[in-house]
Every structure is written in structure tokens, then in C-alpha cells.
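Fold and contact review
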2 protein chains.
Amino acid sequence: MNQRIKFSRSEKVYMPGTLFPEIRVAMRKVKQVPSTTFENGEKVITPNPDVYIYDTSGPFSDPNIEVDLKKGLPRLREEWIVKRGDVEQLPEITSEYGRMRRDDHSLDHLRFEHIALPYRAKAGKCCTQMYYAKQGIITPEMEYVAIRENMNCRELGIETYITPEFVRQEIAEGRAVLPANINHPEAEPMIIGRNFLVKINTNIGNSATTSSIDEEVEKAVWSCKWGGDTLMDLSTGENIHETREWIVRNCPVPVGTVPIYQALEKVNGKVEDLTWEIYRDTLIEQCEQGVDYFTIHAGIRRHNVHLADKRLCGIVSRGGSIMSKWCLVHDRESFLYEHFDDICDILAQYDVAISLGDGLRPGCIQDANDEAQFAELDTMGELVVRAWAKNVQAFIEGPGHVPLHKIKENMERQIEKCHNAPFYTLGPLVTDIAPGYDHITSAIGAAQIGWLGTAMLCYVTPKEHLALPDKEDVRVGVVTYKIAAHAADLAKGHPGAQVRDNALSKARYEFRWKDQFDLSLDSERAQTYFRAGRHLDGEYCTMCGPNFCAMRLSHDLKKKEQKD
Amino acid sequence: MNQRIKFSRSEKVYMPGTLFPEIRVAMRKVKQVPSTTFENGEKVITPNPDVYIYDTSGPFSDPNIEVDLKKGLPRLREEWIVKRGDVEQLPEITSEYGRMRRDDHSLDHLRFEHIALPYRAKAGKCCTQMYYAKQGIITPEMEYVAIRENMNCRELGIETYITPEFVRQEIAEGRAVLPANINHPEAEPMIIGRNFLVKINTNIGNSATTSSIDEEVEKAVWSCKWGGDTLMDLSTGENIHETREWIVRNCPVPVGTVPIYQALEKVNGKVEDLTWEIYRDTLIEQCEQGVDYFTIHAGIRRHNVHLADKRLCGIVSRGGSIMSKWCLVHDRESFLYEHFDDICDILAQYDVAISLGDGLRPGCIQDANDEAQFAELDTMGELVVRAWAKNVQAFIEGPGHVPLHKIKENMERQIEKCHNAPFYTLGPLVTDIAPGYDHITSAIGAAQIGWLGTAMLCYVTPKEHLALPDKEDVRVGVVTYKIAAHAADLAKGHPGAQVRDNALSKARYEFRWKDQFDLSLDSERAQTYFRAGRHLDGEYCTMCGPNFCAMRLSHDLKKKEQKD
């Protein structure tokens, strides 16, 4: 099993730290060809600067690292974690279910072969990035993300406010999350917060209609290739535990899950049989495998469930409908809400972040910004403070389906009610009438809400509402969301964000086609389309034909004016 | 040659007028199946209302009309036009070039066979919709668009401000344009203005790399099928004159062109040889063929051309670069600007609208909202007043490439400087880094600017910047822009816009899959994706599998609560 990611005419480079000279921050460097102009009849060659691109592809795109999926990725952060002295390696895994799976030899053929023993905080110690940040400690992870975010823009003379100290402050105050389970040392540090690049999450996972472990790992790598910043494994089918081990061990980006899905599988899909004990064991199982963040639908309160009755589309979140049903069946408060502090105590021991799931998110335009949605948001605002009190990093999930004019209220209310915790939204879709194109309906909303302050956007593929995405759908979904996130970065004025736009546009204007392709979000597609246009050689494309190119005319004008 | 458009389980219906009972406004009616619910164990069947959809497909989707492309579409408006008594049929066509083509028998095999003699306003008379509107006259065209815009929403109890009188006022004050060349009576009336549904334009046309007349007509019909509201023929290749005749005669939506393209072909591509006389003859040629609006780059002034020199991407409008070059070569003011009143005098005789072309639109993020762009906008504001003085309907073209945070300034400035004339923008693209996906980068900007007040959006296909679009690209481009336009309509609160969203979402929630498909913008694609998901029967999709469907759980909850 081998996976290799190639980007044409790009070089994998590593930038060293200053506080931590040993860290090596991965980036992709695109080398451009020089520009050729004519001045007074003389040919003038002017070099074009290298463009540094934020790179989520991990070791898969480093030709000097031979990745063997059977062994997993290099454990980049393990030394940093151990060196801090706050964690210990356990003699064996803690979760009962995990042990049961381990001891079931019928699963041996499915199992990842090199499972390491898990780490956990020592008794009385805390190992979360938020804890360190609050203590005024800058970790190597923090310097890593500071360097990563800036994409070497200082080399071009662009000032940046993103320093390791700034990163520390943002994490300390809960405005940003650096998901970094101590048991997922393979992940390259990244940060989620509204003063940083807008991130995108991609979802993978098998369902009952099943796909194999190989396929899921392949999808994970594929998602990282196209630019997914985090990866949620939403598997609900068979062998979730084993599949997850393969994914985490080979995933260079943080991994998220929705533990209630697996808990429900453990009680054979019977919502009423869910218990805190089963859920708790599932949390520990996944903490020790290395999941970096959990979606937890603790914002659903017994007395709020009925608020969804008035809706056109009821409850459309799986986790939300599960927990609502549980509350109604047992006629009591949800165990996620009641045990929220216990949950935080567990997660703090591994530095797993909480993504507070919006179980009552609107599932259509009509239901947007309603009482149910906002009641849950209020609860999430209460819970995020409780998470922070335990030094657990946390962010808030958001809708869903929202028309353009109601997006702003979502963002402003989230900032206010949730005390500046990062917002992580699914789209939102700005209309319901385009199944088959919901990557687009949602990218419109995502760009808007990203601009207004949402820190991470959960991608939507063309198959949303219709079927599970295949590889091509994942690619289209990721690229579409990179567009939305980047549009938001430009609008927010993120330092260095516009460097790539300007470089690509200059290449376009100068007919440096290859540079244009290499700087594109999807270089392969751009080239395929270009070639399909039967372009023959030089300075035109088939859109206007050889005699009708505005850009060429525009060049001629410049030359003419220089002569005059 | 036959073209038939079918929409599954939809009926072509016609709504009569009140002021003009003889008019029949075409719509598409989707019949839904009833909802089945259970109350106290009893099965309850509740009918769902018909949904009326704005329909641009013309007679092609009416099974009672046999369209023969060789004969062209029924001449819907001819009687209305003639009845007003302001026009006369000419004994022969006026343009010299048109006569030359007519007399060239080597073209006979290409020629549309049933060319009617053109109409023109009688001496001393005016025949434009703006003229009638200013006189307080409501035309059948005005009532037609009022009915069309409302999509029968009153039947559902939705109030609407869109009355024939409102339409008249909007046209009289220049806030809306009803493109309606008296020589294109086949077109169904539609309106472009910010208090109406946001419209979309699609571009077709051959270039030197050529496509046949058949292909262009097929693309025109195809564009109307997917929802294109107007169609621009941007041909620059051979036989433009003959191709245009075929398109106009078979096009149920208004047709726009950029006459300078054809004028340039007439001087063999030599910009310096362009003259007012050649351009003038081209205008008349196209007025008499039935083109409904002309893009005219009269906003380019000699003294403003140099403003583009500072840019990263110079001039990216074809018409803009042609006229800039002409100004520089001759070192004089453009003939489009100097002869603007003469142009208006010609256009008024046929009720051809002017689309003031933005020759200096920005071609990349870096160049957005710069001095060149805004200087041209000021000129366009001056020209639109001059057009109105001649009773010529007019709208203003806009960018291009603009980051999200600079879109608002574009819209506000356009409204102010151009005195509320409708804005018609190309996207704008909100980032430059995604060639191959520019339908998406631009739809994000289009939805935003549409919400803020842009009246018509010019579509962009996935091949933008790379190649000429094929049929599949046209489909994707049109549907993507229908999404952007509809998102804007929802945000603006257009009466009845949300009816379709609500109907589709209710169908989705009730697992009425067929209704969901029929109400989709692209029903065929939705069904293809759905089927690819190997869905077997009832109430779930492959996204969650049979045991994990939030919507089904949500239904169960409602039932449970009803029981409790």
C-alpha cells in the first residue's frame, strides 16, 4: 500500500522555527518561470518570486519520505509532547470496548499492525494547548501554526500580526482551537479561529451500504491532497474501531468524529438503550486512538426538543435526532448535558477538543434562525464556558440552511452567546432548490459566513441530500470549499492571502499558462479543460480565438503607449 | 430539425391577463402527490398545492405546439406591436451589409428560409416600452411580465407589489428594462430591474475555432431549457449574420449582441479601420434582425484609457480593448461616445435596449474598484441619462473580478452614479485562483451582488479563462447562476420566491422523492445522483443508510409526541 501526492513543478519545503529551531513547517513552493517583456526593442527577462502555498498534504507529497500506510506516518509531535513531561504512556488501553476488539482475533486481518500504547495526562497534570496558553507557555505547536499561517509572506515584504505569542493569546482566550490529541502525533499542527485562515473540514466514512477500510484511507489521503484541513470520520457501518485506527495513523490533519454514532452501533441502533457508561467508554476508546475533536450534541435540552415541532423539516442532524429521541423516550435531560463536566475531564486528559454539535440546526430555508436553533445556541454558550474552565478547547457548530440575509444574525449571535469561541458551520445552503448542486448553494453561504467570522467550514459535496460522495465528489467538494474559504480570507484581509491571486493573474496576463495551472486550486482540472479547448501554441485561448484576445490587445496597447 | 423540451410531471400552463385578456403568460406547473400522515392510527391524505415555476423554455416545452426550427417560433407579440400603430413594415432591409448578404447566393444553403421584412417606427413616432411607460400607457408586454413575475403566488395567499402599473412606473423611471425589439416578436416579455426576479444571461456564439449554425441554435434552446433569461450571441467567426437570424427566429428570450465584434470582422480584424459608418450599418443590420439589446462600450474615453496601465491585468474586455486601441491609434475620442446620440436615435426606432459595456472592468482581484473602473462608471452614468432622453431603455454592465468586501461599493456606486439604471454584472469572481471552477468563484459574488441589487447576472461556465464551453458547461453554468439569482431573490424577499424552496423541503422531509426531483433546478442530475446511490425503496437515502436517517427519526419523534 502506497500513496503518493504529486503537485507539478512544486517543491516541498520546510521552514524552521525561531523559538523552536527544531520544528520544520511544511509548505509547498511553486517556482514560476520569468516574465519576458520588450523595452525599446530589447528583450527583458524578469524573474517571478516563488509562491508559498499552505499545504495539507503532509508527508504524502514529500518525495524524500517513503510512506507505508501499514506503518503509518512519522510521529512528528511525539517528542514535543513527551518532553513537556505532563503525560505518561499507559500500560494498556483503557476502554473496555477497545480491549474487546483487541482480543478478538477474528479481526486480526483488519487490524493496523503497529498500534502504539496510548498516552494520557499524568494524575494532577494537564496537557491541553489551552492550558499551556493560559500559563503563558508557547508550545512548538503554536509556533508551527504561526509560521504555517503566514505562508512566508514576510519574504515579500508583507507584514503579519500572526506571531507565536498571538497564537498563544487566541488559544488562551478561547478564540482559537489547536486540535492536537496527544495520541495523534502524526498530525501537523493547524489552528481554527477567526483571526486565522478559514479552514475546511471534509467528511468521510462508510455507512451500512459500506465501503472498505482501504477506500476510506484512500479518501482521507485524497481529501488532504485537495486541501482538507481536518477530516471527520462519520462511519456508521462495520468495523468502525479498526477503520479509525488506519485513518488516524495515516492522517496528517486533525481527525474528528461523532462518538454517539459508534455508541449507537454498540447498542444495535436502539436509541433508548444508549447510556452514559457506553458513551463514556466510547469517548475513552477514541481519545486513546487519537481522535482530535468530538462533535458532542450536548446543547439539546429536554425542554427544548418540542421547539422543532413547528418546523417544516424537523430535526435534520443525526446526532440531534438521536439525542432528542433519547430525551423523549426517557423523559429526562440528556446524559451529554448532565455529564458535560465529566466529558470535559476525560477530554482534557488527551487534549481532545469539543465541537459542540448543533442538533437543532435548520434543515431548510424556512426553519433558519428559529427558536429551536437559537435556544440550542444559548445552551452551547453556557457549555463552552464550562469546557474552558476545564482547559478543554472548544468550538461551536452552526447551520445548515440559511438564506443570505439571515447569515449575519447567525454569526453575530454566535460570537455574542458563545463568547468568541470559533464557529464551524455546514455551508450554510442559501436555497433548497438545487439538489445535485448543493456544494454550490452551500459555498455561497460558506463564503459569506466565513467572511463574517466563521473559522471553519464543513464541506458539502454535489451528492448532498442524494447519496454518499465518491472520490470525484470529495475532490469537487473540497476545491469548492477552498474557494469559499479563500474568498473569505481575501475579504478579511488575511496577511498574504492575495499573493496567490496576484501571482496567478499576472501569469494569466503574461500567458504563462503553466504557472497559471500550478497556482490553481485544481491544476489538473484547469489543464484538462484547457487541453480540451484544442489550444495549439502561444498567446491565446479558445475562448476568444487567436484574433480576438482582449489580453493580447491590452499588451499591444501597453507596448504602443511605451513607444509613443 | 426539431427540439422538444420535457420536464417530468410538469404541465405547461398559460395565465390570462386582466387588462389584456388575450395575453397568455406561460408558466410551468408542477403537480405534487399528496402527503400521507397518520393521526391516531388513521391514515390521513393531504393534497399538496401545485407549484408554478417561472419558465424560460418558450414553446419548446408546450406539447401542443410543433416547433419547426426552419420556420421559427410563433410571432407572439407581432399583433400587439402593430396594433399600437407606431410602426411600419419596411419594403426592404435598410443595412447595406444585410443587403449584400441577402444577395449573395452562395449563402443560400445557410440562410433561414422565412425571413420577414423588418418593422421600424414611423417617422415622428416612438415605439419603445420606455416611451409608452412615460406616457402612462400600460402595454400588454407590461402586464405579461407582471403576471410572469408573480408565479401565481396570490393563489397561495401571498401578497405582491408587482402590478402592471408598478411595472410601468419602473420602466418609465429607468429602474427596469423590458427588452423587446419590435423585430423579435417571438420573444416572451421579461423584465430586468432590481425590484423584480434576478435574471441571468447566458453567452453562446462561435469563435474562429468554429461551431456550426445547428450547434448554436441547439445551444440557444438548451440555455432556455435550463433557465437562461436572455441570450447573448457573441459569435466572432464566420457567417455571423446568418447564424444570428436562425438564433433570433428560434429564441423565446431576448437576444443580446456586441455589435463591435461583427463590425471588426467586417474590417478583417483591423481595429484601426473601424469607422462610425461601418458600426452604424451593423447596428441597423442587427436592429432589423431582431436583436433586443446591444452591449456598447461607449463609456471608454480617450483620456481614461491610460488609467488601465497601472493594472496587473490591463483591459480584459474584448470590446474595451478594441475601443481603447482605436482611441490610441487615432488619438481621438471613441466614435461610440461621440455618436452616442445618433446610436440612441437608431435604437429608439426598433426598441433595442442599450447595455453599456464596461470595457474597463477589472480582470483580477488586484484591479477591482480602481480608478479606471470607476471613471468609466461615471461616464456610463452620463450616457444613461442621454439614452433615457431619447426613450431608449438602458442598463449598465459591471465586473468582473471583485473580492467579497468590495462588492457593496460597486453596487452602491452604480446605483448612485447611474441613477438607478439596472446593473448587469459578470459574476463577479471573488478569487482568481480557481480556473476550472470559475462558475463557482463567480456565483459566490453573483449571489452577493444580486442580493444587493444587481438586476441581471451574466453566467460564467467552468471553462471560463480556459476554453469555449460545451453543452454540459452551458448547463452547469446556467444552473449555477439560477442558484445565485434565486439566493438573491430569497434574500431580497421577492414575493413567492420561497414557495419552491418550501415545497421542495416539505417533499424532502416527507420522502416524496419524485416531487423533490421535479421541483429541483436540475431534476435530471438530482435523479442521476440519487440512483447512483443504489437506493432501493422507501424512506431513506444512501447518505445515512436505512437505520441512521435523521429525518426518519425526526418523524418518529413527532409521532411519539402526538401519542404522548
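Where an unreviewed UniProt entry is consulted, chain A appears under the name Phosphomethylpyrimidine synthase, with the organism given as Phocaeicola coprophilus DSM 18228 = JCM 13818. Regarding chain A, the UniProt comment filed under Sequence similarities (unreviewed entry) reads as follows: "Belongs to the ThiC family." Quoted straight from UniProt, the Catalytic activity (unreviewed entry) entry for chain A says "5-amino-1-(5-phospho-beta-D-ribosyl)imidazole + S-adenosyl-L-methionine = 4-amino-2-methyl-5-(phosphooxymethyl)pyrimidine + CO + 5'-deoxyadenosine + formate + L-methionine + 3 H(+)".

Let us now look at the sheet that holds strand S13 (residues 293-296) of chain A. Residue and element names in this part refer to chain A. Strand order in the closed barrel formed by eight strands is S10-S11-S12-S13-S14-S15-S16-S17, with parallel pairing between adjacent strands. In this sheet, neighbouring strand axes are inclined to one another by 25 degrees on average, regardless of whether the strands run parallel or antiparallel. Contacting strand S10 (199-204), strand S11 (230-233) and strand S12 (255-257), helix H7 (residues 240-249) crosses the sheet at an angle of about 175 degrees to S11. Strands in contact with helix H9 (residues 276-289) are S12 and S13; relative to S13, the strand with the most contacts, it is inclined by about 155 degrees.

Before going further, it helps to spend a moment on the domain arrangement of chain A. Interface size is commonly expressed as the accessible surface area that is lost when the partners come together. Residues and elements named next belong to chain A. In terms of domain boundaries, chain A breaks down into domain 1 (168-492) and domain 2 (502-562). If you average the C-alpha positions of domain 1 and of domain 2, the two centres end up 40 Å apart. Residue-level contacts link eight residues of domain 1 with four residues of domain 2. When the buried surface of domain 1 facing domain 2 is broken down by residue, Trp 226, Arg 475 and Val 479 rank first, second and third, together holding 59% of it. Linking domain 1 to domain 2 there are three salt bridges. For the salt bridge of Lys 225 with Glu 524, the shortest nitrogen-to-oxygen distance reads 2.8 Å.

Residues and elements named next belong to chain A. Looking at the element boundaries, Phe 112 is found in the loop between helix H2 (96-103) and strand S7 (119-121). A relative accessible area of 3% means that Phe 112 is categorised as buried. Sequence separation of Phe 112 and Glu 409 is 297 residues, and the distance between their C-alpha atoms is 46 Å. Residues in contact with Phe 112, not counting those within four places in the same chain, are Leu 69, Lys 70, Lys 71, Gly 72, Glu 245, Trp 246, Arg 249 and Asn 250.

Residue and element names in this part refer to chain A. Along H2, the residues that are buried comprise Tyr 97, Gly 98 and Arg 101. The arc that holds every buried residue of H2, seen down its axis, measures 100 degrees, which confines them to one face. Opposite the buried face of H2, at more than 90 degrees from it, the exposed residues are Glu 96 and Met 100. If you follow the buried residues of H2, they end up packed against H7, helix H8 (259-266) and H9.

With that settled, consider the confidence of the model for chain A. Confidence along chain A averages 93 in pLDDT terms, with 95% of residues attaining 70 or more. The complex prediction reports pTM at 0.96, with the ipTM value standing at 0.96.

This next bit is on the interface of chain B and chain A. At the interface, 98 residues of chain B touch 98 residues of chain A. Between chain B and chain A lies a buried interface of about 8,800 Å² when both sides are counted; carbon and sulfur atoms form 69% of it. Between the two partners, chain B and chain A, sit zero salt bridges. Contributions of two or more residues to the side of chain B that touches chain A are made by helix H8 (259-266), helix H10 (318-330), helix H15 (438-452), helix H16 (471-492), helix H17 (498-509), helix H18 (513-518), helix H19 (523-532) and helix H20 (550-563) of chain B. When its residues are assigned to classes, the side of chain B that touches chain A shows 51 nonpolar, 27 polar and 20 charged.

Residues and elements named next belong to chain A. Evaluated as defined, the whole model comprises 91 salt bridges over all chains. Put simply, Lys 29 and Asp 50 hold a salt bridge, and the shortest N to O gap is 3.7 Å. In this pair, Lys 29 sits in strand S2 (residues 24-30) while Asp 50 sits in the loop between strand S4 (42-46) and strand S5 (51-53), placing the two residues 21 residues apart along the sequence. By relative accessible area, which is 12% here, Lys 29 ends up buried. Put simply, Arg 102 and Asp 103 hold a salt bridge, and the shortest N to O gap is 3.0 Å. Connected via shared salt-bridge partners are Arg 9, Lys 506, Glu 510, Arg 512, Asp 515 and Asp 518.

What follows covers the UniProt feature "binding site: Zn(2+)" (unreviewed entry) in chain A. Mapped onto this numbering, the UniProt entry gives "binding site: Zn(2+)" (unreviewed entry) at His 401 and His 465 of chain A. For the residues just named, distributed over 65 residues, the greatest C-alpha separation is only 12.3 Å, placing them together at one site. Along the chain, His 401 of chain A turns up in the loop between strand S15 (394-398) and helix H14 (407-417). When its relative accessible area of 6% is taken as the criterion, His 401 of chain A is described as buried. Setting aside chain neighbours within four positions, we find His 401 of chain A in contact with Pro 362, Gly 363, Cys 364, Ile 365, Ala 368, Pro 428, Leu 429, Asp 432 and His 465 of chain A together with Arg 508 of chain B. As for its placement among the helices and strands, His 465 of chain A is situated in the loop between strand S17 (456-458) and helix H16 (471-492). Under the relative-accessibility criterion, His 465 of chain A is labelled buried at 15%.

Next up on the list: the packing of aromatic side chains. Inspection of the entire model under this criterion finds 30 aromatic pairs over all chains. Seen from their ring centres, Tyr 131 of chain B and Tyr 132 of chain B are 5.7 Å apart, and the 65 degrees between their planes marks the pair as edge-to-face. These aromatic residues form a ring-pair network of at least three members: Trp 276, Tyr 279, Trp 326 and Phe 335 of chain A. One cation-aromatic arrangement involves Arg 386 of chain A over Tyr 337 of chain A; the distance from NZ or CZ to the ring centre is 5.5 Å.

Conventions adopted
Residues numbered from 1 in each chain as written. Chains lettered and ligands numbered in written order. Predicted model: local features only at pLDDT ≥ 70, side-chain atom pairs only at ≥ 80, totals over all residues. Heavy atoms only, no water. UniProt positions renumbered as here; feature names shortened; annotations may be inferred. Pairing = 2+ DSSP bridges. Helix = DSSP H or I, 4+ residues; strand = E, 2+ residues; numbered from the N terminus. Axes fitted to C-alpha atoms, helices over the stretch in contact; angles between N-to-C directions. Contact = heavy atoms within 4.5 Å. Domains from an automatic or database assignment. Buried area = accessible area lost by both parts, 1.4 Å probe. Salt bridge = Lys/Arg side-chain N within 4 Å of Asp/Glu carboxyl O. Buried < 20%, exposed > 50% of the residue type's maximum accessible area, 1.4 Å probe, protein only. Arc of directions from axis to C-beta. pLDDT = per-residue confidence, 0-100. Nonpolar A, V, L, I, M, F, W, Y, C, P; charged D, E, K, R; others polar. Phe/Tyr/Trp six-rings, centres within 6.5 Å; stacked < 30°, edge-to-face > 60°. Lys NZ or Arg CZ within 6 Å of the ring centre and 35° of its normal.

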